[in-house]
Amino acid sequence: MKKVKYLILGAGPSALSFAHRLLEHGEDSFLLLEKEKEGGGLCRSIEIDGSPLDIGGGHFLDIRKKEVLRLLFKFMPEEEWNLFDRISTIKVKNNEIDYPFESSIWQLPIEEQEEYLYSIARAGCNLGLPMPEKFKEWIYWKLGDKIAEDYMIPYNNKVQSIDLDRLGTYWLYKLPNVSFKETLSSCLNKKQCGTIPAHAQFLYPKKYGYGEVWRRMSENLDNRIITNTTINKIDFDELIVNDSFKGEIIINTIPWTEFKTRIGMPDQVIKLINDLEYSSIDVTYYDENEQTNAHWTYIPDERISHHRILYRHNFCSNSRGYWTETNSKRSVLLDLKWKYTNKYAYPLNTIAKPESISKILEWSKSKNVVGLGRWGEWEHMNSDVAVEKGIQLADKIYL
Ligand SMILES: Cc1cc2nc3c(=O)[nH]c(=O)nc-3n(C[C@H](O)[C@H](O)[C@H](O)COP(=O)(O)OP(=O)(O)OC[C@H]3O[C@@H](n4cnc5c(N)ncnc54)[C@H](O)[C@@H]3O)c2cc1C
């Protein structure tokens with residue numbers, strides 16, 4: 001039996017950041033267990049057609065969190081990254097406009113602008129109606145019928161691929177919040193207006209894929225990480241995993257649904273875990289270049305299976321080609337292109353989720369098992385947030 005103070009399950013960004021922050025605090029009694037052959041989780045890259053490709057989909061590092069950059073630059077210094085101003089577009093019917101939609105209506109033909117503006121003016125939020133609790137109703141309430149039906153509903157039908165009425169609204173602070181006044185002003189002034197979306201400026205490695213920084217972080221842990229080890233059993237009373245590894249505290253960053261055997265977990269907590277939902281995303285590579293200066297494009301058209309295109313040739317030096325992201329439920333079976341399926345891609349923000357995950361986390365914490373990161377907290381977070389959470393958890397213990 002291998003015994004450590006902190007047994008860390010998974011080696012994605014949240015686990016790696018927690019581990020490195022422990023080292024910064026002088027703590028080295030920990031071990032990471034990872035099922036893949038290397039760390040990095042959804043942020044890993046491989047080489048395809050002579051250049052890196054990010055197998056978890058399009059991955060870009062937001063620059064706003066200085067403490068996150070400080071930690072990551074220790075492994076991949078700032079000069080190894082290119083800084084980009086985000087160019088992302090939405091293809092809607094026969095037009096292509098910038099993201100976010102509400103700030104870019106001014107780029108459409110004037111008759112279309114009139115229709116969108118008229119529709120937003122009659123949206124519930126502008127009529128003083130209360131905010132609904134279901135996502136689909138919220139879309140109509142916030143953006144009006146026309147943006148809802150031309151863009152938000154078809155796009156979300158594709159990316160989420162579940163009944164949108166089953167999703168809540170508690171996570172919508174992540175979406176751009178552009179007021180009607182700002183949309184109007186952007187149309188009159190013919191320029192973007194309103195809040196800046198995430199990744200307005202982002203970093204991407206000059207010579208590598210996004211996975212390189214996490215690969216280096218893993219490598220730096222030497223024998224404190226064990227790869228090719230799938231966790232399927234946990235004993236909550238003894239804090240033992242796979243009958244072989246024991247921690248005084250377990251930090252869980254893998255999906256709670258991955259534990260096939262859970263000793264000491266009450267049936268009601270098992271039921272809450274079984275109710276957690278996720279979606280899977282297929283990443284497919286195409287070797288042609290597209291005529292665009294965008295880094296990526298959103299595709300709401302439901303006749304097309306993928307919902308996003310990432311133009312590798314526009315952010316990855318000396319590369320060609322692009323890749324697409326498609327919800328696995330919509331993936332075309334006979335596609336002969338290179339394809340990678342991310343089984344766990346998005347934790348789904350169902351109406352019941354906040355209560356379920358908070359009860360799971362409360363119970364597990366009482367057993368000294370702490371949930372961390374995208375799957376440990378079952379929250380749709382970007383990698384900069386996962387890193388920040390890893391740092392903060394270690395700081396909470398040691399500061
Ligand atoms: C399509 C898509 C696009 C994204 N774009 C961006 C972006 O542009 N910018 C950004 O910052 N973030 C982006 N993200 C989010 C980013 O991928 C996550 O925030 C980040 O990977 C979360 O890190 P984590 O360590 O919490 O989880 P993960 O990266 O999922 O790591 C979990 C780890 O646990 C391991 N594991 C799972 N099951 C087991 C098991 N049974 N036994 C052992 N190990 C196991 C996995 O192999 C993995 O290494 C995107 C995500 C997706 C799906």
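Residues numbered from 1 in each chain as written. Predicted model: local features only at pLDDT ≥ 70, side-chain atom pairs only at ≥ 80, totals over all residues. Heavy atoms only, no water.

Caption draft 1: Quick peek at the environment of Asp163. Mapped onto the fold, Asp163 is located in the loop between helix H4 (135-160) and helix H5 (180-189). Judged by its relative accessible area of 45%, Asp163 is partly exposed. Along the chain, Asp163 and Thr350 lie 187 residues apart, while their C-alpha atoms are 9.9 Å from each other. (Helix = DSSP H or I, 4+ residues; strand = E, 2+ residues; numbered from the N terminus. Buried < 20%, exposed > 50% of the residue type's maximum accessible area, 1.4 Å probe, protein only.)

Caption draft 2: Molecular detail of the domain arrangement of the chain. Here the chain is described as being made up of domain 1 (2-86 + 203-398) and domain 2 (99-189). In this assembly, domain 1 packs against domain 2 so that about 1900 Å² is buried in total across both faces, 57% of it on carbon and sulfur atoms. Counting the surface domain 1 buries against domain 2, the share from its top three residues, Pro300, Asn349 and Ile351, is 29%. Connecting domain 1 to domain 2 are one salt bridge. For Glu277, the salt bridge is made with Arg166, and the minimal N-O distance between the two is 2.3 Å. For the interface between domain 1 and domain 2, the tally reads eleven residue pairs in polar contact (both at pLDDT 80 or more). Its residues placed into classes, the side of domain 1 that touches domain 2 shows eight nonpolar, eight polar and eight charged. (Domains from an automatic or database assignment. Buried area = accessible area lost by both parts, 1.4 Å probe. Salt bridge = Lys/Arg side-chain N within 4 Å of Asp/Glu carboxyl O. Polar contact = N/O pair within 3.5 Å; in protein donor to acceptor, adjacent residues only side chain to side chain. Nonpolar A, V, L, I, M, F, W, Y, C, P; charged D, E, K, R; others polar.)

Caption draft 3: Spatial organisation of the packing of helix H1 (residues 13-24) against helix H10 (residues 383-398). Relative orientation of the contacting elements H1 and H10 amounts to 35 degrees, with a least axis distance of 7 Å. Along this stretch, H1 crosses H10, giving a crossing that reads as right-handed. Residues Pro13, Ser14, Ser17, Phe18, Arg21 and Leu22 of H1 touch H10, and the partners they reach there are Ser383, Ala386, Val387, Gly390, Ile391, Leu393, Ala394, Asp395, Ile397 and Tyr398. Here the contact of H1 with H10 is composed, by residue class, of ten nonpolar, four polar and two charged. (Axes fitted to C-alpha atoms, helices over the stretch in contact; angles between N-to-C directions. Left-handed = near helix turned anticlockwise from the far one by under 90°. Contact = heavy atoms within 4.5 Å.)

Caption draft 4: Representation of the site of the ligand in the model. The environment of the ligand is made up of 35 residues, and the closest members are Glu34, Gly58, His59, Met381 and Ser383. Contact between the ligand and Glu258: a nitrogen atom at 2.8 Å from a side-chain N or O atom of the residue. Between the ligand and Met381 there is a distance of 2.6 Å, counted from an oxygen atom to a backbone nitrogen or oxygen. Within the complex, the protein chains bury 96% of what would otherwise be the 1000 Å² of accessible surface of the ligand. Mapped by element, the contributors of at least two residues to the shell around the ligand are H1, strand S19 (339-347), helix H9 (373-376) and H10. When grouped by side-chain class, the residues that make up the shell around the ligand number 13 nonpolar, 14 polar and eight charged. (Near = heavy atom within 4 Å. Areas by Shrake-Rupley, 256 points an atom, 1.4 Å probe, with all protein chains shown as cover.)

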